[in-house]
Structures are given as structure tokens and as C-alpha cells.
Amino acid sequence: MIPGYATIPVNVKLEEQADDSFVFSGEEGLTTPPAMLIVRSDAKPVILNVKVEGKISVEGKVSATATTKLSETAQAGLTGSWNLSATSSGESTPLFFVWSAIDLEKPNFENAAALVNLFGSMILFNVLNQVTFHEDGNITAKYWENFSMENMFANQDKGQLIASHDDWSDSPKNLAFWYAKNSMIYIVPSINAIAQQVNGDNEDVDISNSEDIVTLLAKLKEYNIDVDALLPIVMQWITEGIPVKYVKTGDALKIYIDKEMAAPFITPLLPALDKLQEDMEKIIEAGEDENTIEMIQLVLGVLQIEKLTDIKTIWEENTNEFEISLNFVSAK
């Protein structure tokens, strides 16, 4: 009845009616967020309030409804619709990426980050229009289903990125949830629901227990990924939500991750670059897939690196600041 919860006990008060039927109602404050894996604790304060109402007829038939609402603390003043920022320059671009260097004379990603800001923001502005944080804990979005590179550069005017379409699609509810705690927004994706939405309601999709997650991650070991270091992070994400920092200033909202937050996730992935570099070199040496080779050369050129393993060196030895942010303005 309530996505993300296997069971929710709620005490209700029964009131007998004149026709000998009963109506009932009750409310319960949940101290844990919705989760893909049902792992509960006694954490406080209350995150979600669940209210149930219903009726028991004289024939013994029970009907009931349940509604949810995030607590005021968990809403943190963020409830409502937020439009993607339309500014095409400065730190309020839709996507803002910082990867600054300790030593500019050594390989670094400062110029590549600037290109990501430009092209990433233009693409993002053409596929995402608005995000809504609902008071019932849902996240929905207005997005564009038919994006193409052809219209990405079509409309730019006075420093604004103007989408060339008005026909935005609305994502359904119960695909992702949110709540705020300790100056963080926690995003809780419903993996099964998202996968079924993408795959056309494929009922075979099921990621619902820790054994499935462990099995899935184990496949990454062939790329030398440190699964043992990655697993606790992933398990925390699917039991508590994916944490992101936020700053709300007036009608502006910045949602971001910084180097401190990214490091525990990125570090276990870095060993995969050696394997990917080997695979890439084999493709180039074979010389059979010209399109793939051209794409590889383009990516390396944009990143201004000679080989993928340079990314590891830059991250470990020449990274000063690292931050990825999405920027919004209130739709009020």
C-alpha cells in the first residue's frame, strides 16, 4: 500500500455508527524512509507520517485508505516544484562541474570541466524542465522524451538556454522518493519500479534483497573494481537513500556532491580504468571498428588525456576541488 515498506503497524480508533457499522482512523509517524531493502531501525525524528481511515460494514467488509506526508523536519522547506536554472554562465548553470587542479602544469581536468558545464548544461536543459518534491515523499519530473542533438544549439538568447519545445512529459509517482535530514537530501529510487517502467513492465525485474545486490556487484570484479569497498556504500544507499548536499538561498536551490562525498564511491572504481584501457587498446589495434575508434579519440581529446588511466593519476595526485551540482529556481 505504501511503496518502500513491507508492513506498517498503525493503531486505529474504532467508532460505532448508527447502522452498527464502524469507522476507524489512526496515524503513525515512521522514523525510517522508504527503501528498496526493508531494513528498519529506531532512528528519530519522524520522517514520514502515515494516516489510515476506513470503515467496517455490518457485513464485516473492511475498506481502508492510507495517505502519507513527510514531517515538517523532513520537508525542510523544499516541498514544491523547482525549475531547472536557465542561466548559461556562472555557477547557476543547470549543471555546474568543478574539477580544479593542485598544479596546472600537470595533467588536469579544469578545461574538460568547463566543456562539461557548457555541453552538459545544454543537454540537461533540453531533457529536464522541472523537479517536484511532493509532501507525500514522492519525486516527479517534467522531462522531454524525444531529445535530439539537432535542436540542442537551436535556441540561445541573451545568456539563456531556451528549450525548443513545450510538450514536457510528466514522470509517474512511486519511482523515487525523498526526505531531508542533517542538511542532506536523501534520494530513494525504486529500482524495480524504474526498471519495469523502462522495460515495459517487465515482471522479471526484481532487485529486492541483499543477496541480489551482492550477486550483481560481484560481476564487477572482472573489471578489478573493489567490490568489498563499494558494497557497504551501495547497501547504505538502498537502505537509507542516496545522500546529496543542498543549499537553498531565497528562490534558488543547489543540489550537489563534493570531493568528500564522491571519494568513497570513485576510489573503488578507479582500478577498472586499467582493464578499460586494455580493452580500448585492443579495439584500436584491431582497427576494424572505425566509428568506435573515432569516438574513443574524440572522448580522449575532449578530456585532454592520452589514456584512461590518466584519470586515476589526476584524481589521486592533482585534484584540489571536485563538485558536481544541479541548480534550480522555485517555480512559484
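Let us look at the packing of helix 7 (residues 272-286) against helix 8 (residues 290-303). The geometry of helix 7 relative to helix 8 is characterised by a closest axis approach of 9 Å and an angle of 130° between their N-to-C directions. With respect to helix 8, the element helix 7 is oriented oblique. The two elements helix 7 and helix 8 cross, and the hand of that crossing is left-handed. Judged by residue contacts, Met280, Ile283 and Ile284 of helix 7 engage Thr292, Ile293, Ile296 and Leu300 from helix 8. Tallied by class, the residues present in the contact of helix 7 with helix 8 amount to six nonpolar, one polar and no charged.

The next thing to look at is the packing of aromatic side chains. For the structure shown, the criterion picks out 10 aromatic pairs. Geometrically, the ring pair formed by Phe133 and Trp178 is tilted, given 4.9 Å between the ring centres and 50° between the ring planes. Linking Phe133 in strand 7 (residues 128-133) with Trp178 in strand 12 (residues 176-181), this pair joins segments that are 45 residues apart in sequence. For the pair Phe133 and Trp178, a shared accessibility class is recorded, and that class is buried. Between the aromatic rings of Trp237 and Phe265, the centroid separation amounts to 5.1 Å while the plane-to-plane angle is 35°, which identifies the pairing as tilted. In this pair, Trp237 is assigned in helix 5 (residues 227-240) and Phe265 in helix 6 (residues 259-269), connecting sequence segments 28 residues apart. With a relative accessible area of 24%, Trp237 lands in the partly exposed category. Between Lys181 and the ring centre of Tyr186, over which it is positioned, the NZ or CZ distance is 5.5 Å. Residue placement shows Lys254 over the ring face of Tyr256; its charged tip is 4.7 Å from the ring centre.

On to unusual backbone geometry, then. Although it is not a glycine, Asp20 adopts a positive phi angle of roughly 75°. Within the secondary structure, Asp20 is located in the loop between strand 1 (13-16) and strand 2 (22-30). If you check the backbone angles, Asn174 has positive phi at about 70° while not being a glycine. One can find Asn174 in the loop between strand 11 (169-170) and strand 12.

Our next topic: the pairing of strand 16 (residues 322-330). Here three bridges tie strand 5 (residues 80-84) to strand 16, and the two strands are oriented antiparallel to one another. For Trp82, the partnering residue across the bridge sits in strand 16 and is Ser330. Pairing geometry for strand 6 (residues 95-99) and strand 16, over five bridges, is antiparallel. Opposite Phe96, over in strand 16, you have Ser325 as the bridge partner. As paired elements, strand 15 (residues 252-258) and strand 16 share seven bridges and run antiparallel to each other. Of the residues in strand 16, the one forming a bridge with Leu253 is Phe328.

Quick notes on the rules
Residues numbered from 1 in each chain as written. Predicted model: local features only at pLDDT ≥ 70, side-chain atom pairs only at ≥ 80, totals over all residues. Heavy atoms only, no water. Axes fitted to C-alpha atoms, helices over the stretch in contact; angles between N-to-C directions. Helix = DSSP H or I, 4+ residues; strand = E, 2+ residues; numbered from the N terminus. Parallel < 35°, antiparallel > 145°, perpendicular 65-115°, else oblique. Left-handed = near helix turned anticlockwise from the far one by under 90°. Contact = heavy atoms within 4.5 Å. Nonpolar A, V, L, I, M, F, W, Y, C, P; charged D, E, K, R; others polar. Phe/Tyr/Trp six-rings, centres within 6.5 Å; stacked < 30°, edge-to-face > 60°. Buried < 20%, exposed > 50% of the residue type's maximum accessible area, 1.4 Å probe, protein only. Lys NZ or Arg CZ within 6 Å of the ring centre and 35° of its normal. Pairing = 2+ DSSP bridges.

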